[in-house]
Amino acid sequence: MSSFKIFDIAGSGLSAQSVRLNTVASNLANADSVSGDPNTVYKARHPVFEAVKNAVAAQTLGGTPGLGAADSAVRVRGIVESTAAPSERYEPGNPLANADGNVYSPNVNVIEEMTDMISASRAYQNNVEVMNTSKELLLATLKLGS
Amino acid sequence: MPLNLDTYLGVSAQALKVQSQRMEVLADNLANVDTPNYKARDIDFKTALAQAGSPDAALPLTTTMPGQVGGAAASGGLDISGALKYRVPLAPSLDGNTVDAQMEQAAFADNTVRYQATLTFLSSRLKNLLTAITGQ
């Protein structure tokens, strides 16, 4: 039965969003990890999502590529590091400071991370709801006629 | 008079198939809510149901020689390629994604209720059949 694909689709959404939550956690945990070298300081990480199209289905149905396949899913294509410049701070007392007495703090924008976290958790909840609803409907279909 | 179960169940059986396909497409939209350049899709129910009801709904067998049977293949899937359309976005977004989570949620809820309604119709028809069989 094709409806079981919904669990794959929603499951891929759950997995992608949990990767996103993981990067948020990593970014927030490292928000204050200073370094004396701007090149080695922690950089904010963000996942890039990509839709996975079922190419076989698209071909069989002869539809427009990407449109013909009814089922597809989402996956994390990769993790990109933010290219924003790390902020420089004069802190000669810090043991990690460089020769000029400067330390570099990561380019993590805490506010951005918090909103990203809320967005990810809402998307996760959405996928959970999709799974729950599909499960209930499938169970109701199994009970058909009784 | 022999009873054809397909015609007895009426359009509900096909409607159930289309609705479960639509559920899949909407789940796909919700899973890709944060995917850059993903375009939200939906099924045009009227077209899909018309396709599902037509005799050539099942995928035809490929014939390579004259005389071969090109009968309808017994495929589990349903051809909805003609009914699958891209959604017209309400507002543009910077990353090219056209999924509106609220719209998709509403559509999913709508589809769920319709699915349940179809199940109720099917269930009552099957109960009628059972009454006829047991004769009580």
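As shown above, the structure is provided for reference.
Quantities reported herein were computed from a predicted structural model and do not represent experimental measurements.

The next subject is the overall build of chain A. The helix and strand tally for chain A stands at three helices and four strands. Starting at the N terminus and ending at the C terminus, chain A contains elements arranged as α-β-α-β-β-β-α. Residues classed as buried in chain A amount to 39% of the 146 residues present.

Moving on, we get to the overall build of chain B. Secondary structure summary: chain B contains four helices and two strands in total. Counting from the amino terminus, helix and strand elements in chain B follow one another as α-α-β-α-β-α. Looking at chain B as a whole, 38% of its 136 residues are labelled buried. Taking contacts inside chain B between residues at least 6 apart in sequence as the whole, the part at least 24 apart equals 74%.

Residue and element names in this part refer to chain B. Tracing the backbone through its elements, the reader meets Ala 117 in helix H4 (residues 101-134). Of the residues examined, Ala 117 reaches a relative accessible area of 34% and is grouped as partly exposed. Once the C-alpha coordinates of Ala 117 and Leu 90 are considered, the two residues, 27 residues apart in sequence, prove to be 29 Å apart.

Bringing unusual backbone geometry into the picture now. All names here are of chain B. One non-glycine residue, Asn 37, lies in positive phi territory at about 65°. One can find Asn 37 in the loop between helix H2 (11-31) and strand E1 (41-43). Judged by relative accessible area, which is 56%, Asn 37 ranks as exposed.

Reading guide: rules and limits
Residues numbered from 1 in each chain as written. Chains lettered and ligands numbered in written order. Predicted model: local features only at pLDDT ≥ 70, side-chain atom pairs only at ≥ 80, totals over all residues. Heavy atoms only, no water. Helix = DSSP H or I, 4+ residues; strand = E, 2+ residues; numbered from the N terminus. Buried < 20%, exposed > 50% of the residue type's maximum accessible area, 1.4 Å probe, protein only. Contact = heavy atoms within 4.5 Å.

Remember that the coordinates give geometry; whether it matters functionally is a separate question.
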